[in-house]
Structure formats: structure tokens, C-alpha cells
Amino acid sequence: MRKTHVTRIAAASAAALATMAVLAVPAAAARAGDICLYTGRNFSGAHWCWNPGNGYVDVPPALHDNVGSFRAQANGCFINWIQVPTRKETRVVRNGDYRTVYDNDFGGKIDAVAPQC
Ligand SMILES: [Ca+2]
């Protein structure tokens, strides 16, 4: 099983992107301590936020294999089930990670979010 870390974008562009995101995302969409998943790229479309206190959660149907972007303000793990409950593919997510385009990567496979891989 292969694990990779979600890539980080340079701090300079992150600051610029954060400014844009404030304009594009409703304030209620992202609370400190959550990982928020969006159906569209650039934090657009339908969204759902997960908190580590929720434990393991299957993502809602709209986001199943359909995450266009995400923003993490908590550590967690994205899971793609290959065969429940023995085979899964995972991605470690760390507080501060985000991807503006994720549907062409693991976002196209995500089934669940959990506190740890
Ligand atoms: Ca999947």
C-alpha cells in the first residue's frame, strides 16, 4: 500500500489564495479544526466539513469519488476502500494542507475520512 502526503503549495501563493478563498467561500463553510471537502474546484460547489471528533465517517453521496478541492484545518486521513474492511488506499492530510484541484487525483476516489490512516 502506497502512502503519499498531500502536497503543499508555496507559502506566498497560499497567502494570495487565502485572500481569494475568503471572497469565494461562505464564512460558515470552514471552521477552525475542520477538513472541508468541495464538489467543485477552487472550493466551489457543494461542501461538507468533517471534524476529528466525528471519528470515521463515510463522505456524503455528493462527494463520494467526487472531491474537486479541499482545505484542512486539522490532521486526518482520506480513505479509498478497495475491499472493505481489509484493503484500503489512504492519504495523510495535515493541518494547513489544501488542494484547489483534487478531482484529477485522490479526490476522484475518496470514500471516507478518518482521524488516522
Ligand atoms: Ca472510492
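First, a word on what this report is: a plain description of the structure on this page. Predicted, not measured: the structure shown is a model, and the values here were computed from it.

**Comments concerning the sheet that holds strand β5 (residues 69-72)**
1) Next: A sheet is described by the order of its strands in space; here four strands give the open sequence β3-β2-β5-β8, paired in antiparallel fashion. The two strands at the open ends of the sheet, each matched to only one other strand, are β3 (44-50) and β8 (98-99).
2) Next: Alignment of strand β2 (residues 35-40) against β5, held across four bridges, turns out to be antiparallel. Counterpart to Leu37 in the pairing with β5 is Phe70.

**Describing the pattern of salt bridges**
1) Next: On inspection of all chains with the given rule, the structure shows four salt bridges.
2) Next: Between Arg41 and Asp103 there is a salt bridge, with its nearest N and O atoms 2.6 Å apart. Linking Arg41 in the loop between β2 and β3 with Asp103 in the loop between β8 and β9 (112-114), this pair joins segments that are 62 residues apart in sequence.
3) Next: The class of Arg41 is partly exposed, set by a relative accessible area of 41%.
4) Next: Since its relative accessible area comes to 32%, Asp103 is described here as partly exposed.

**Some words on the nonpolar core**
1) Next: If you look at the biggest cluster of nonpolar residues, it comprises 16 residues, and the most contacted ones within it are Ile35, Leu37, Phe70 and Phe78.
2) Next: Elements with a minimum of two residues in this core: β2, β3 and β5.
3) Next: Excluding residues within four positions of it along the chain, Leu37 makes contact with Ala46, His47, Trp48, Val59, Leu63, Val67, Ser69, Phe70, Phe78 and Val113.

Reading the values: the criteria
- In every chain, residue numbers begin from 1 and rise along the written sequence.
- The model is predicted, so local features are restricted to residues of pLDDT at least 70 and side-chain atom pairs to those at 80 or more, both for listing and for counting; the totals for chains, interfaces and linings are taken over all residues.
- Water and hydrogen atoms play no part in the side-chain values, which are based on all heavy atoms of the structure.
- Note on pairing: DSSP must find at least two bridges between two strands before they are called paired.
- Numbering goes from the N terminus for both helices and strands, where a helix is a DSSP run of H or I of at least four residues and a strand is a run of E of at least two.
- A pair is scored as a salt bridge if a Lys or Arg side-chain nitrogen falls within 4 Å of a carboxyl oxygen belonging to Asp or Glu.
- Accessible area is worked out with a 1.4 Å probe on protein chains only. A residue is then buried under 20% of its type maximum, exposed over 50%, and partly exposed in between.
- To form a nonpolar core, buried Ala, Val, Leu, Ile, Met, Phe, Trp, Tyr and Cys residues must be joined to one another through side-chain atoms within 4.5 Å.
- Residue contacts are counted whenever heavy atoms from the two residues lie within 4.5 Å of one another.

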